Amino acid sequence: TNPLSVSLMTRRVLGVNHLVSPRVVAEAYQILNERGVTDLKHGIFVRGFADSYRYEGMDEVSICEGGTQVAELRDGVIHEYHLNALDFGLHPILPTAVSPPRGMSKGDFSLKILRGEVVDAPLEMVLANAALLFYLAERSQDLRECYEMAKAIHKSGGAHSKMVAVRERLPK
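Residues numbered from 1 in each chain as written. Predicted model: local features only at pLDDT ≥ 70, side-chain atom pairs only at ≥ 80, totals over all residues. Heavy atoms only, no water.

Regarding the environment of alanine 71
Moving on, step 1. Examined against the element boundaries, alanine 71 turns out to sit in strand S4 (residues 68-74).
Moving on, step 2. The exposure class of alanine 71 is buried, given its relative accessible area of 0%.
Moving on, step 3. Taking C-alpha positions, alanine 71 is 8.5 Å from serine 21, a pair spaced 50 residues apart along the chain.
Moving on, step 4. Ignoring any residue separated from it by four or fewer positions in sequence, one finds alanine 71 in contact with Pro22, Arg23, Ala26, Gly43, Ile44, Phe45, Ile78, His79 and Glu80. (Helix = DSSP H or I, 4+ residues; strand = E, 2+ residues; numbered from the N terminus. Buried < 20%, exposed > 50% of the residue type's maximum accessible area, 1.4 Å probe, protein only. Contact = heavy atoms within 4.5 Å.)

Notes on the confidence of the model for the protein
Moving on, step 1. Within the protein, residue pLDDT values average 92, and 98% of them lie at 70 or more.
Moving on, step 2. At the level of individual helices and strands, the protein shows its lowest average pLDDT in helix H5 (residues 158-169), which scores 88, and its highest in strand S5 (residues 77-83), which scores 98. (pLDDT = per-residue confidence, 0-100.)

Re the pairing of strand S2 (residues 42-49)
Moving on, step 1. The buried fraction of S2 amounts to eight of the eight residues, a majority that puts the element mostly inside the structure.
Moving on, step 2. Alternating positions in S2 separate into two faces, His42, Ile44, Val46 and Gly48 on one and Gly43, Phe45, Arg47 and Phe49 on the other, with burial throughout.
Moving on, step 3. Bridge analysis of strand S1 (residues 11-15) against S2 gives five bridges, and the strand direction is parallel. Residue pairing in the sheet places leucine 14 in a bridge with phenylalanine 45 of S2.
Moving on, step 4. Assessed by its sense of winding, the connection that carries the chain from S1 through helix H1 (residues 22-34) to S2 is right-handed. (Pairing = 2+ DSSP bridges. Right-handed = clockwise from strand over helix to strand, strands pointing away.)

A closer look at the side chain of serine 62
Moving on, step 1. Inspection of the secondary structure puts serine 62 in the loop between strand S3 (57-58) and S4.
Moving on, step 2. Each residue touching serine 62, except ones within four places of it in the same chain, is listed here: Gly48, Phe49, Gly67, Thr68 and Met125.

Brief notes about unusual backbone geometry
Moving on, step 1. Non-glycine residue aspartate 120 carries a positive phi angle of around 60 degrees.
Moving on, step 2. Assignment of secondary structure puts aspartate 120 in the loop between helix H2 (106-114) and helix H3 (121-136).
Moving on, step 3. Phi at glutamate 138 takes a positive value of approximately 60 degrees, unusual for a residue other than glycine.
Moving on, step 4. Residue placement: glutamate 138 occurs in the loop between H3 and helix H4 (143-156).
Moving on, step 5. On the basis of relative accessible area, glutamate 138 is assigned to the partly exposed category, the value being 47%.

As for the pairing of S5
Moving on, step 1. With seven bridges connecting them, S4 and S5 associate as antiparallel partners. For leucine 73, the partnering residue across the bridge sits in S5 and is isoleucine 78.
Moving on, step 2. Counting the residues that bridge the hairpin from S4 to S5 gives two residues, and of these aspartate 75 lies at a positive phi of roughly 50 degrees.

Considerations on the pattern of salt bridges
Moving on, step 1. Taken as a whole and judged by the stated rule, the model has seven salt bridges.
Moving on, step 2. Arginine 74 is the salt-bridge partner of glutamate 138, the closest N and O atoms lying 3.6 Å from each other. Placement of the pair is glutamate 138 in the loop between H3 and H4 and arginine 74 in strand S4, with a sequence separation of 64 residues.
Moving on, step 3. Here glutamate 117 ties to arginine 115 by a salt bridge, and the two come within 3.0 Å at their closest N and O atoms.
Moving on, step 4. With relative accessibility at 46%, the residue glutamate 117 sits in the partly exposed group.
Moving on, step 5. Given a relative accessible area of 42%, arginine 115 falls into the partly exposed group.
Moving on, step 6. Connected via shared salt-bridge partners are Arg11, Arg74 and Glu138. (Salt bridge = Lys/Arg side-chain N within 4 Å of Asp/Glu carboxyl O.)

Brief notes about the packing of aromatic side chains
Moving on, step 1. Summed over all chains, the structure comprises one aromatic pair.
Moving on, step 2. Aromatic pair tyrosine 29 and phenylalanine 45: ring centres 5.4 Å apart, planes at 25 degrees, arrangement stacked. Here phenylalanine 45 lies in strand S2 and tyrosine 29 lies in helix H1, a separation of 16 residues in the sequence. Here tyrosine 29 and phenylalanine 45 have matching classes, each one buried. (Phe/Tyr/Trp six-rings, centres within 6.5 Å; stacked < 30°, edge-to-face > 60°.)

Right, here's the structure in full:
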């Protein structure tokens, strides 16, 4: 589902379905790397949860009460850990706070977030996910600092501008 050649992708954040363990995906990449199929130097595999029972999941970082299960593959070694809202300097949110309003598509909701028309919990969730990209790019090992970097780019309009530029380059 990713248009980038697997031989060029050396860093990646990948959200996994709540029925799949992030460790299993990290192990698959570990094997593919060993066989020369991929060359993933640093991968972060996440599975978010809506509540502390970890019944309802999401394929992204969650700042809801359930937090996020992470398997990080770096230089062939897998480390597992858990992230929560506090790791980003945030308070946990309710899962209903990040859902699009009734009648609005997820795509339209996402565009409104990028344009700065939706704030609070939905924006915090997006910025927490973006913070992980700054961590992956080794801009900082502190997720709170990475969150602030993502927040600054969003506030500047840079995230929306980049999305528009990418969309303009896509085939019509």
